[in-house]
Amino acid sequence: MPRKVIIDPVSRIEGHAKITIFLDDANQVTDARFHVTEFRGFEAFCVGRPFYEMPGLSARVCGICPVSHLMASAKAGDGLLAVKIPPAAEKLRRLMNLGQIIQSHALSFFHLSGPDLFLGWDSPPEQRNVFGLIAADQPLARAGIRLRQFGQDIIAALGGKKIHPAWAVPGGVRDGLSPENRADLRQRLPEARATAQEGIRRFKKFLDTQKGEVEVFGNFPSLFMGLVTPDGGWEHYDGLLRFVDAAGQTVADRIPADNYADYIGEAVEHDSYLKSPYFKPLGYPQGVYRVGPLARLNISQRMGRPLADSELSEFRHRGGSTVTSSFLYHYARLIEILAATEFIADLLDDPDMESKHLRAEARVNRLESVGVSEAPRGTLFHHYIVDEHGLMKKLNLLIATGQNALAMNRTVTQIAQHFIKGAQIPEPMLNRVEAGIRAFDPCLSCSTHAVGQMPLRIQLVRPDGTVLDERTRN
Amino acid sequence: MSGRGIDLLVVGYGNTLRRDDGVGPHIADTVASWNIPGLEALAMHQLTPELAPRFAAVARVIFVDAALHTPQVELRPVSPGPATQALGHACSPSWLLGLTQALYGSCPEAWLLTVPVVDLGFGEELSLPARDAMQSALACLRDFVEDGGG
């Protein structure tokens with residue numbers, strides 16, 4: 001009789017999710033599903049609000065990546081005003097977005113996934129947390145926290161606070177970077193860069209022992225999508241959309257944000273509040289694509305800065321010219337942190353940092369606009385339709401984590417099929433399934449635009465409802 | 001951004017869009033305006049692990065938070081929590097102190113100042129009871145600072 005294993009909630013991710021693993025009569029994994037159990041309705045309750053409120057409103061979708069929503073929302077607002085923002089404003093927005101990438105990636109690598117990577121998949125669960133990491137390697141743990149602090153302090157230096165800064169607005173930004181904060185960030189940059197490089201060094205050493213995991217942690221062909229610069233380089237704030245296949249061939253390129261809906265469809269699943277975007281020309285679910293650090297490195301010809309480009313070259317040497325293993329999201333994340341430190345150095349030395357011209361003023365000149373930027377987890381779209389007074393009539397938020405939904409399902413299935421054998425479910429195997437999800441660093445509050453918590457348990461349940469096994473997390 | 005020369009750190013935290021939950025940040029902002037040498041105040045949405053390096057550099061910390069079903073302003077010591085818990089959605093004062101202890105080998109002397117509140121609905125204004133309690137909390141903090149604290 002078919003049975004199922006349920007992991008609920010998934011630990012050490014942002015938000016709440018459960019995983020259901022289906023077993024056949026021979027206790028072999030037949031399928032696995034990643035469900036998101038939060039519901040919010042953001043796209044509904046923003047209708048009627050003035051568009052200029054949207055950056056502040058949408059930033060409150062999430063406490064981990066509010067900056068990402070600020071950027072995409074402000075850019076959508078720029079489009080409604082039909083303005084090109086001052087160069088200094090764009091550079092300041094880029095600076096904040098790079099700070100966001102650093103702080104979010106540092107959280108993901110050092111806090112959320114670090115216990116698995118540095119303590120081992122099979123280490124005791126009670127030690128597989130940040131305190132276990134500290135006990136094993138205090139200097140690394142400290143460095144990871146200070147790296148995240150650096151990213152957060154960039155955000156606070158510009159926006160006045162680290163979480164939900166009301167700073168990027170349609171037309172530009174509210175404030176510049178003070179000379180004191182600029183000097184402080186410049187002085188702290190070498191440490192941030194050194195931590196990124198040490199993280200890369202450690203991960204490469206760890207990677208040499210994980211060939212099995214690399215093969216089965218979401219290693220499958222898919223498309224990859226993200227923003228690139230006009231000359232095909234790594235981009236995090238602007239640019240054009242590009243889709244690349246698993247062989248590295250470009251299948252769609254130079255797509256303006258406004259045309260995203262020509263290429264991306266959204267399917268609704270019955271068992272999750274997470275929508276499943278897909279590449280329209282291939283249909284659903286064949287059009288599965290991945291976004292985020294792995295995708296950004298796969299679609300880019302180069303990072304655009306020497307240290308990061310050197311690491312990108314080794315990344316491709318180790319993982320292939322187009323890297324398909326989701327396990328290597330961790331590696332890509334670290335390379336992006338390194339790139340961010342290099343780009344930040346250039347921005348801090350840019351004379352435009354002293355400019356006082358930070359906003360373009362206009363009234364509503366267009367009734368529809370799409371703002372797109374790269375959140376740490378992947379490409380983020382804010383699509384707004386307003387009336388002639390600038391009040392929201394309709395909005396669609398296409399979230400990075402949602403775009404990885406199909407890939408996360410496939411990853412969970414692959415890992416479960418490889419590691420779970422029989423009716424006894426050892427905890428380290430469950431952790432590997434969760435770790436597969438964590439590789440994507442999903443932000444589930446954003447992706448369901450959600451609030452709320454549910455008290456949840458892990459259950460192995462027969463179709464007739466008999467509970468075979470139960471584990472409690474949280 | 002550094003903690004140099006700071007002896008006492010006041011950390012007021014809470015959601016300023018949930019009415020009385022914002023009393024902690026409001027108190028921190030007021031304390032910051034006192035401009036007392038050696039005293040720094042942070043208004044935060046929530047406690048985060050990145051406070052640990054700040055805590056390692058100061059001698060004393062006071063956490064300020066809203067509390068339902070509490071009859072009056074209360075200041076009580078907080079000890080570092082056990083070094084076994086995973087990072088959840090938000091850090092508690094004891095967890096954060098435990099993290100500081102684990103990372104740096106010591107942690108500051110700490111207290112939690114709880115401020116009685118009644119309304120956690122959506123909005124930015126404090127209720128009248130919360131505003132009254134805020135004044136009591138500020139008086140408590142003022143006394144703490146003037147008496148040398150601890």
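Each chain carries its own residue numbering, running from 1 in the direction its sequence is written. Written order determines the labels here, with chains lettered from A and ligands numbered from 1. For a predicted model such as this one, the threshold for reporting local features is a pLDDT of at least 70, and the threshold for listing and counting side-chain atom pairs is 80 or more; totals across whole chains, interfaces and linings nevertheless cover every residue. The side-chain numbers reported here are obtained from all heavy atoms of the structure, hydrogens and water having been left aside.

Attention shifts here to the confidence of the model for chain A. As a general rule, the predicted coordinates of low-pLDDT regions are not to be interpreted in detail. Summary of the metric used: pLDDT quantifies the predictor's per-residue confidence within the range 0 to 100. Of all residues in chain A, 85% have pLDDT values of 70 or greater, and the mean over the chain is 86. Every residue pair with non-hydrogen atoms within 4.5 Å of one another is taken to be in contact. Low pLDDT, under 50, characterises residues 445-458 of chain A; the stretch is placed with 58 contacts to residues that sit more than four places away or in other chains.

For the rest of this paragraph, the subject is the environment of A:Asn219. Residue and element names in this part refer to chain A. A run of H or I in DSSP becomes a helix once it reaches four residues, and a run of E becomes a strand once it reaches two; helices and strands are each numbered from the N terminus. If you trace the backbone, Asn 219 turns up in the loop between helix 8 (211-216) and strand 6 (223-228). As a C-alpha pair, Asn 219 and Asp 122 span 97 residues in sequence and 21 Å in three-dimensional space. Not counting the four nearest positions on each side in its chain, Asn 219 is found in contact with Val 214, Thr 324, Ser 325, Ser 326 and Gln 414. At 2.7 Å, the side chain of Asn 219 and the side chain of Thr 324 are in polar contact. Identification of polar contacts relies on pairs of N or O atoms within 3.5 Å, with a donor-acceptor requirement for protein atoms, meaning one able to donate a hydrogen and the other able to accept it, and with residues adjacent in sequence counted only if both atoms are side-chain atoms.

With that settled, consider the pattern of salt bridges. All names here are of chain A. Every case where a carboxyl oxygen of Asp or Glu lies within 4 Å of a side-chain nitrogen of Lys or Arg is listed as a salt bridge. Under the criterion given, the structure shown has 33 salt bridges over all chains. Of the charged contacts, one joins Arg 432 and Glu 213 as a salt bridge, the two residues approaching to 3.2 Å between their closest N and O atoms. You can see Arg 432 sitting in helix 14 (residues 427-439) and its partner Glu 213 sitting in helix 8, a full 219 residues away along the chain. In terms of burial, Arg 432 and Glu 213 fall into one category: buried. Relative accessibility thresholds used throughout: buried, under 20% of the residue-type maximum; exposed, over 50%; partly exposed, between the two (1.4 Å probe, protein chains only).

All names here are of chain A. For the pair helix 4 (residues 87-119) and helix 6 (residues 138-159), interaxial distance at closest approach is 8 Å and the crossing angle is 155°. Relative to helix 6, the element helix 4 lies roughly antiparallel. Of the two possible hands of crossing, helix 4 and helix 6 adopt the one that is left-handed. Contact residues: helix 4 offers Leu 92, Leu 95, Met 96, Gly 99, Gln 100, Ile 102, Gln 103, Ala 106, Leu 107, Phe 110, His 111 and Phe 118, while helix 6 offers Leu 140, Gly 144, Ile 145, Leu 147, Arg 148, Phe 150, Gly 151, Gln 152, Ile 154, Ile 155, Leu 158 and Gly 159. A per-class count over the contact of helix 4 with helix 6 returns 15 nonpolar, eight polar and one charged. Only C-alpha atoms enter the line fits that serve as axes; for helices the fit covers just the stretch in contact. Angles between N-to-C directions range over 0 to 180 degrees. Here is the rule for angles: anything less than 35 degrees is roughly parallel, anything more than 145 is roughly antiparallel, 65 through 115 is roughly perpendicular, and the remaining ranges are oblique. Two helices cross in a left-handed way if the nearer one is turned anticlockwise from the farther one by less than a right angle. They cross in a right-handed way if the turn is clockwise. Residue polarity follows a fixed list, in which Ala, Val, Leu, Ile, Met, Phe, Trp, Tyr, Cys and Pro are nonpolar, Asp, Glu, Lys and Arg are charged, and the others, Gly among them, are polar.

Turning to the sheet that holds strand 14 (residues 392-398) of chain A, a few remarks are in order. Residues and elements named next belong to chain A. Strands are treated as partners if at least two bridges between them are detected by DSSP. Pairing in this open sheet of three strands is antiparallel, and the strands run 12-13-14 from one edge to the other. Strands with a single pairing partner mark the edges of an open sheet, and in this sheet they are strand 12 (368-375) and strand 14. For this sheet, the mean inter-axis angle between neighbouring strands, taken without regard to orientation, is 15°. Strand direction decides the pairing type here: strand 12 and strand 13 (residues 378-386), joined by eight bridges, are antiparallel. Considered in strand 13, the bridge of Val 370 is made with His 383. Running at roughly 150° to strand 12, helix 3 (residues 66-81) makes contact with strand 12 and strand 13 of the sheet.

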